[in-house]
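# Examination of the molecular architecture
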There are 2 protein chains.
Amino acid sequence: MGEILVFGHKNPDTDSIVSSLVMANLEKKLGRNAISCRLGSINKETEYVLNYAGVEAPKLIESAEAGTEVILVDTANRKEVLDNIDELKIRKIVDHHQVAINTGYPLYYRAEPVGCTETIMYKLYKENGVEIEKTIAILMLSAIISDTLLFKSPTCTPEDEKTARELANIAGIKIEEYGMEMLKAGTDLSSFSIDEILKLDAKEINLKEVKSIIAQINTASIPDVMQKKNDLESGMQKVIDEKGLDLFVFLITDIINSNSQVIALGKNANIVEKAYGVKLVENTAMLEGVVSRKKQVVPILTENA
Amino acid sequence: MGEILVFGHKNPDTDSIVSSLVMANLEKKLGRNAISCRLGSINKETEYVLNYAGVEAPKLIESAEAGTEVILVDTANRKEVLDNIDELKIRKIVDHHQVAINTGYPLYYRAEPVGCTETIMYKLYKENGVEIEKTIAILMLSAIISDTLLFKSPTCTPEDEKTARELANIAGIKIEEYGMEMLKAGTDLSSFSIDEILKLDAKEINLKEVKSIIAQINTASIPDVMQKKNDLESGMQKVIDEKGLDLFVFLITDIINSNSQVIALGKNANIVEKAYGVKLVENTAMLEGVVSRKKQVVPILTENA
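Residues numbered from 1 in each chain as written. Chains lettered and ligands numbered in written order. Predicted model: local features only at pLDDT ≥ 70, side-chain atom pairs only at ≥ 80, totals over all residues. Heavy atoms only, no water.

### Side note on the overall build of chain A
Rule in force here: Labels follow the DSSP assignment, with helices taken as runs of H or I lasting at least four residues and strands as runs of E lasting at least two, numbered in each case from the N terminus. Accessible area is worked out with a 1.4 Å probe on protein chains only. A residue is then buried under 20% of its type maximum, exposed over 50%, and partly exposed in between. Residues count as neighbours in contact if any of their non-hydrogen atoms are within 4.5 Å of one another. Here the positive residues are Lys and Arg and the negative ones are Asp and Glu; neither His nor the chain ends is included. By convention, the point assigned to a charge is CZ for Arg, NZ for Lys, CD for Glu and CG for Asp.
Regarding its fold elements, chain A presents 11 helices and 12 strands. Projected onto its principal axes, the C-alpha coordinates of chain A cover approximately 55 × 45 × 35 Å. Across the 305 residues of chain A, 59% fall into the buried class. The contacts of chain A with a sequence gap of at least 6 include a subset with a gap of at least 24, amounting to 63%. A distance of 3 Å separates the average location of the 35 positive side-chain charges in chain A from that of its 46 negative side-chain charges.

Put into structure tokens, the structure is as follows:
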């Protein structure tokens, strides 16, 4: 087996970057020539994690030659990876999302409905008898904290928390203290333009026939972000016009109190009202207890689309 | 978790039937209300296996209500299962084929590019600490022998053979002797009409744009089957006309000598000639060393389509 590229989804979050590093490390330990890659820039939270762990970011790639062998981590969605994915040879997938890819050939596929890819990676290390070193433990733990919002997201399973606590022992980290610092680092929007904020963690999703973007950012203070509401709305409207969207949902998620303020624009914005039984006032509403796009937003909006 | 239906692909082969039984048994041992099902009749080889093991066939089902929870085994192909698969909740997939399904939700997905689903099932039993009883071992071993043609198929990996030998110890079975008897039982076509023979193990596959069926039977004597050549061709032509096929490939696979006689009909029959560098004489040719549809037929025909 020659060179094999390991990458997660575009707009990489901490789990995607960490999965790429952790999986490439495992493959290398097992004697394979794996290269950790990423399909986009590092966000502030991930930057904090990489600095803390003293690890370099994966290699940024924008394309891969037809026939290249790849491993997908933290995604099994052809729209979220390289455009020519159908020309590449997917050797493995390790993921915790929906299946949204087709291959003409068998491959190694490992997915579980858990809160974070690292909870599966942890098992792969154990099964292969590869020691989880301190640096790897820091990375894995950080991704679990990120994806589960410190175990407060409804996507978090008991297994995620158990795995995180075992990793914290290896890493020598106090989870709550470190976790809150890390999450807060991710809420620093000061260096971003409005357009960049809207793209930081945006997913293009079809809710049945409704062409949508659902973007999300974390914050420790919803009012701070809502000061930019007018500019955010202008930016969202621009994207709607450019991409011909039916709906743009922007979630401002309070990581302290576990709520989300939603801004919804587009001709199908009423789906949000129907889905949550709320009234959008000046395009916005508070969604109590909603923090998980995957579990509390996409399926509910889809049902009501 | 309520009732959960476990089934493999239509036109079930031994691996599909065994996977359903073995997976449902594992789920039950883990406290879940799983029901082993099948989507078609039991073939002669599988009948031999079930009789030997003293196990009843899975429950035959033709449909399932929307919302039913299911586990797919030995397939991840939406076309090979129930027509309303998109309305069902797929909780798990355990498979060794291509990915040809999309879900809107995360699930447990376990696939490896090995020769038989049971090689993965064996690991699942171990990982869950569930003892493999003698009856289960007989079933699993039989499926591995079936899918790998007694380890002679190029789809067979060292792991398949190793797993089979461990299962043979539990089952108290001499692999070569039992395996040849079992495979031969599967070659008995005496009770089938021509139409039934053509459907016994037929897969509808699009080779790029070429609408095809690739059917396969095993035999201990190619000349015996070729006595029916005229009738087989009439039957194939009838299916081509009915389904508007571009290609019907019928493989008669010699399990003793590991070759296949191919009969190819349809306006794209020349793909077979191109793919294997052979000349079809009266629609037929010998394909030396070809025994695996998955590894030696589908990809090669696709490349040349």
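Picking up where we left off.
### A look at the relation of the copies chain B and chain A
Both copies of the chain are placed relative to one another by a rotation about an axis and a shift along it. To keep it simple, the criterion reads: Least squares is the method for superposing the copies, and the C-alpha atoms it fits come from residues with pLDDT of at least 70 in both.
Turning chain B through 180° and shifting it by 0.0 Å along the axis lays it on chain A, with an RMSD of 0.0 Å. What we have between these two chains is a two-fold relation. Identified as the residue of chain B closest to the rotation axis by C-alpha distance is Arg110 of chain B, at 2.5 Å. A symmetric contact is evident, with 100% of the interface residues of chain B recurring at the interface of chain A.

### Points about the packing of helix H3 (residues 117–127) of chain A against helix H4 (residues 134–148) of chain A
Residues and elements named next belong to chain A. Heads up, the rule is: Angular values range over 0 to 180 degrees, each being the angle between N-to-C directions of two axes fitted as lines to C-alpha atoms, with helices fitted over their stretch in contact. If an angle is under 35 degrees, it is roughly parallel; if it is over 145, roughly antiparallel; if it lies from 65 to 115, roughly perpendicular; otherwise it is oblique.
Running from N to C, H3 and H4 cross one another at 150°; their axes reach a closest spacing of 9 Å. If you check the angle between H3 and H4, you find them roughly antiparallel. Mapping the contact onto sequence places Glu118, Thr119, Met121, Tyr122 and Tyr125 in H3 and Ile136, Met140, Ala143 and Ile144 in H4.

### A look at helix H9 (residues 229–243) of chain B
All names here are of chain B. Condition: One less than the residue count of a helix, multiplied by 1.5 Å, gives the span that helix is expected to have. Directions are taken from the helix axis to each C-beta atom, and the arc is the one they span.
Helix length check: H9, at 15 residues, gives a terminal C-alpha distance of 21 Å against a target of 21 Å (1.5 Å per residue), a fit within 8%. Those residues of H9 lying buried are Lys229, Leu232, Glu233, Gly235, Met236, Val239 and Ile240. On an axial view of H9, the arc spanned by its buried residues comes to 165°, and they lie on one face. Seen from the buried face of H9, the exposed residues on the opposite side, beyond 90 degrees, are Asn230, Asp241 and Glu242.

### A look at the sheet that holds strand E9 (residues 210–219) of chain B
All names here are of chain B. Operational definition: We treat two strands as partners when DSSP finds at least two bridges between them.
Ordered by their spatial adjacency, 5 strands build an open sheet running E8-E9-E10-E11-E12, and the pairing between neighbours is mixed. For this open sheet the edge positions go to strand E8 (202–207) and strand E12 (284–287), each flanked by a neighbour on one side alone. Here the strands of the sheet are splayed against their neighbours by 25° on average, with no regard to which way each runs. Relative to strand E11 (residues 259–265), H9 is tilted by about 50°, and along the sheet it contacts E8, E9, strand E10 (247–254), E11 and E12.

### Quick word on the confidence of the model for chain A
Quick note on the threshold: On a range of 0 to 100, pLDDT expresses the predictor's confidence in each residue.
Within chain A, residue pLDDT values average 96, and 100% of them lie at 70 or more. For this predicted complex, the interface confidence comes out at an ipTM of 0.87, alongside a pTM of 0.89.

### Let's talk about the interface of chain B and chain A
Formally: The term buried area refers to how much accessible surface (probe radius 1.4 Å) is lost by two components on association, counted for both of them together. Under this definition, polar contacts are N or O atom pairs within 3.5 Å; protein pairs additionally need one hydrogen-donor-capable and one acceptor-capable atom, and for neighbouring residues in sequence, both atoms have to be side-chain atoms.
With 20 residues of chain B at the contact, the number on the chain A side is 20 residues. Summed over both partners, the interface of chain B with chain A buries about 1700 Å², with 57% contributed by carbon and sulfur atoms. For the chain B face of the interface with chain A, the top three residues by lost area are Val99, Pro106 and Tyr109 of chain B, together amounting to 31%. Counting across the chain B and chain A interface gives 6 residue pairs in polar contact (both at pLDDT 80 or more).

### Side note on the packing of aromatic side chains
Applied cut-off: For Phe, Tyr and Trp, where Trp contributes only its six-membered ring, two rings pair if their centres lie within 6.5 Å, and the inter-plane angle classes them as stacked under 30 degrees, edge-to-face over 60, or tilted in between. Our definition puts a charge over a ring when NZ of Lys or CZ of Arg is within 6 Å of the ring centre and also within 35 degrees of the ring normal.
All told, the structure shown has 5 aromatic pairs over all chains when counted by the stated rule. Seen in terms of ring centroids, Tyr109 of chain A and Tyr109 of chain B are 3.7 Å apart; in terms of plane orientation they differ by 10°. Their pairing is stacked. One end of the pair, Tyr109 of chain A, is in strand E7 (residues 108–111); the other, Tyr109 of chain B, is in strand E7 (residues 108–111), on a second chain. Overall, the relative accessible area of 0% leaves Tyr109 of chain B in the buried class. In this structure an aromatic cluster arises from ring pairing among Tyr48, Tyr52 and Tyr178 of chain A. Above the ring of Tyr108 of chain A, the side-chain terminus of Lys92 of chain A is found at 5.3 Å from the ring centroid.

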